[in-house]
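For reference, the chains in residue letters:
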Amino acid sequence: MGDELLTVPEVMARLKLGRSTVYDLIRSRRLPSITIGRARRIPAAALRQFIDHQIAEAA
């Protein structure tokens, strides 16, 4: 399994967004995530797809 899992703070840093905005993206299912116990994790591939989709929409 080569997919890296990112924490919410790591996603916040990569997107330069606040915590509530990242959780809003997760809640709205625009940014897929998984829950392990009480920890929320975002697959790096899902973040890459989200960014690619945002770029495509902006073009």
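Residues numbered from 1 in each chain as written. Predicted model: local features only at pLDDT ≥ 70, side-chain atom pairs only at ≥ 80, totals over all residues. Heavy atoms only, no water.

K.L.:
So what exactly am I meant to see when it comes to unusual backbone geometry here?
P.N.:
Backbone phi values are negative for most residues with the exception of glycine, while trans is the configuration of most peptide bonds. Not every positive phi belongs to a glycine, and Lys16 is a case in point at roughly 55°. Mapped onto the fold, Lys16 is located in the loop between helix H1 (8-15) and helix H2 (19-27). Even without glycine at this site, Arg29 takes up a positive phi of about 65°. Within the secondary structure, Arg29 sits in the loop between H2 and strand E2 (34-36). (Helix = DSSP H or I, 4+ residues; strand = E, 2+ residues; numbered from the N terminus.)

K.L.:
It is not clear to me how the pairing of strand E3 (residues 39-43) should be interpreted in this structure. Could you clarify?
P.N.:
The side chains of a regular strand alternate, residue by residue, between the two faces of the sheet. Note: strand E1 (residues 5-6) against E3, two bridges, orientation antiparallel. Each bridged residue has a counterpart across the sheet, and for Leu5 the counterpart in E3 is Pro43. For E2 and E3, the ladder comprises three bridges, and the chain directions are antiparallel. Across the sheet, Ile36 pairs through a bridge with Ala39, a residue of E3. Counted between consecutive antiparallel strands, the loop separating E2 from E3 contains two residues, among which Gly37 sits at a positive phi close to 65°. (Pairing = 2+ DSSP bridges.)

K.L.:
Is there a simple way to think about the nonpolar core in this case?
P.N.:
A general feature of soluble globular proteins is that nonpolar side chains tend to end up buried together. Judged by nonpolar contacts, the single largest core of 13 residues is most densely connected at Val8, Val11, Val22, Ile26, Leu31, Ile42 and Leu47. Taken together, the elements giving at least two residues each to this core come down to H1, H2 and helix H3 (44-58). Here this core takes four residues from H1, the largest share from any one element. (Core = buried A, V, L, I, M, F, W, Y, C linked by side-chain atoms within 4.5 Å. Buried < 20%, exposed > 50% of the residue type's maximum accessible area, 1.4 Å probe, protein only.)

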